[in-house]
Structure formats: C-alpha cells, structure tokens
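Coordinates in review
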Amino acid sequence: MVEMAIAGSVFMTVVFALLEFSRLLWTHNALADAARQGARYAAISTQNVSNVQNVVVYGVTNPAGGATPVVYGLTTGQVAVTYSGFGVKQGSATVRITGYQFSFIVPIIGTTMTLPDYKATLTGESAG
C-alpha cells in the first residue's frame, strides 16, 4: 500500500504536468496563429485598428455580443496594430500580442505565467 501511494503520487504528478504543458503549448500556438491572422487581415484591409484587434481576439471583425475569445483571457487591449508606410504593395502592417497571462489549472509551478510577445508583420497588399 505504501509503494502504491508513492508510485501513484509520482504518476499523477507526471500526468498533471503533461496536461498543463499540453495546454500551454496549445495556447502558445493559438496566440501565434491569432497574430498571423490579424496581420493577414491588416495587410489587405483599410487602417481600421479595432477590426484587426477583433480578428485577432475573436476571429471575426464584428463579434456578436458575448462572443468568446479564441484564447481564454485574451482581450483587444493586449493587441497592438502598427501600420508603416501602408499602401498598395508597400509598407507593412504589424500585429503584436503582449502581456498574455497563462493560468495554470493545477498550480504545480505557480498560478500564472506571462507568455512572450507574439508578433507578425506582412507587406501591405491593398490601400483600402
């Protein structure tokens, strides 16, 4: 029984650590993809920052009331959009996600972790 308690606690720790790491990896990939989608939209649209922020956070330009973000806890305030010399096939549009806090369900390491900034830049394709 003692051996089962020791082996079981080690096994369950490993299982929960794998689950948390999997969630963290999924969130990392989803944030990187959201930044790329926002940059693609910004490269072909007019310089409407709020629409680009909505595309990054919700996946659509005009989310319905009570829409859920693509990644839990992501807000439009964490999305910065920068246009530089934007025009037809010139300049660029940059989308950056900053300050996202990943919350662990099982606090093995801690309760939250700030993920790195996610940035995507594309050349402008349309002047609107």
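Figured I'd write up the structure that's included with this text. Just so it is clear, the model here is predicted, and its values are computed rather than measured. Within each chain, residues carry numbers counting from 1 in the order of the written sequence. Where local features are concerned, this predicted model is filtered to residues with pLDDT of at least 70; where side-chain atom pairs are given and counted, the filter is 80 or more; whole-chain, interface and lining totals use all residues. To get the side-chain values, take all heavy atoms of the structure and skip hydrogens and water.

What follows covers the overall build of the chain. The helix count covers DSSP runs of H or I at least four residues long, the strand count covers runs of E at least two residues long, and both are numbered beginning at the N terminus. Within the chain, the secondary structure is distributed over 2 helices and 5 strands. Ordering the α and β elements of the chain from the N terminus gives α-α-β-β-β-β-β. On C-alpha atoms alone, the chain measures out to a radius of gyration of 19 Å, which is more than a quarter above the 14 Å that the 2.2 N^0.38 rule sets for 128 residues. In terms of overall dimensions, the chain has C-alpha extents of about 70 × 30 × 15 Å along its principal axes. Note on definitions: a residue-residue contact is assigned when non-hydrogen atoms from the two residues lie within 4.5 Å. The long-range fraction of contacts in the chain, counting pairs at least 24 apart against all pairs at least 6 apart in sequence, stands at 55%. Counting every atom, the chain has about 7700 Å² of accessible surface; 61% of that belongs to carbon and sulfur. Charge assignment in this entry is limited to Lys and Arg as positive and Asp and Glu as negative, and neither His nor the chain termini are counted. Note on charges: their place is set at NZ of Lys, CZ of Arg, CG of Asp or CD of Glu. Each charge sign in the chain was given a centre, from 6 positive and 5 negative side chains, and these centres are 15 Å apart. The globule rule used here is 2.2 Å times the number of residues to the 0.38 power, and the radius of gyration it is set against is calculated over C-alpha atoms. All accessible areas in this document rest on Shrake-Rupley with a 1.4 Å probe, and a residue is counted as covered only by the protein chains that are shown.

Counting residues in hydrophobic clusters, the biggest one holds 26 residues, and the most contacted among them are Leu31 and Ile97. Where this core is concerned, the elements lending two or more residues are α1 (2-44), α2 (49-58), β1 (79-87), β2 (90-97) and β5 (118-123). Looking at which element gives the most residues to this core, the answer is α1, with 8 residues. When sequence neighbours within four positions are dropped, the list of residues in contact with Ile97 reads Leu31, Ala34, Ala35, Val56, Leu74, Gln78, Val79, Pro116, Asp117 and Tyr118. Put simply, buried Ala, Val, Leu, Ile, Met, Phe, Trp, Tyr and Cys residues joined by side-chain atoms within 4.5 Å make one nonpolar core. Remark: exposure states derive from per-residue accessible area (1.4 Å probe, protein chains only) relative to the maximum for the residue type, with buried under 20%, exposed over 50%, and partly exposed in between.

What follows deals with the packing of aromatic side chains. Only centres within 6.5 Å qualify two rings of Phe, Tyr or Trp (six-membered ring in Trp) as a pair; their planes then separate them into stacked at under 30 degrees, edge-to-face at over 60, and tilted for everything else. The full count for this structure, using the stated rule, is 1 aromatic pair. On the basis of an interplanar angle of 90° and a centroid distance of 5.1 Å, the ring pair of Phe102 and Phe104 is categorised as edge-to-face. Residue Phe102 is classed as buried on the basis of its relative accessible area of 1%.

Glancing now at α2. Residue pairs three or four apart in sequence face the same way in an α-helix, which turns once every 3.6 residues. Taking burial as the measure, the 10 residues of α2 include 7 buried ones, the bulk of the element. Phi turns positive, to about 90°, at Gly59, one or two residues after α2.

Let's shift gears to the environment of Gly124. Tracing the chain through its elements places Gly124 in the segment after β5. A relative accessible area of 1% means that Gly124 is categorised as buried. Residues Gly124 and Gly91 lie 33 residues apart in sequence; the distance between their C-alpha atoms is 5.6 Å.

Attention now goes to the side chain of Thr94. Here Thr94 is to be found in strand β2. Thr94 gets classed as buried once you look at its relative accessible area, which sits at 14%. Of the polar contacts made by the side chain of Thr94, one reaches the side chain of Thr121; its length is 3.0 Å. In contact with Thr94, not counting residues within four places along its chain, are Ala80, Val81, Thr82, Lys119, Ala120 and Thr121. N or O atoms within 3.5 Å of each other form a polar contact, as long as, within protein, one can give a hydrogen and the other can take it, and as long as residues adjacent in sequence are counted only when both atoms are side-chain atoms.

Let us look at the packing of α1 against α2. Viewed as axis vectors pointing N to C, α1 and α2 meet at an angle of 150°, and their least axial separation amounts to 8 Å. One way to sum up the angle between α1 and α2 is to call them roughly antiparallel. When you trace α1 past α2, the crossing you get is right-handed. Counted together, Ala34, Gln37, Gly38, Tyr41 and Ala42 of α1 and Asn51, Val52, Val55 and Val56 of α2 form the full contact between these two elements. Amino acid classes used here: Ala, Val, Leu, Ile, Met, Phe, Trp, Tyr, Cys and Pro are nonpolar; Asp, Glu, Lys and Arg are charged; the rest, including Gly, are polar. Looking at the contact of α1 with α2, its residues break down into 6 nonpolar, 3 polar and no charged. Fitted lines through C-alpha atoms give the axes, limited to the stretch in contact for helices. The angle between two N-to-C directions lies from 0 to 180 degrees. Small angles under 35 degrees read as roughly parallel and large ones over 145 as roughly antiparallel, with 65 to 115 read as roughly perpendicular and the rest as oblique. Less than a right angle of anticlockwise turn of the near helix away from the far helix marks a crossing as left-handed, whereas a clockwise turn marks it as right-handed.

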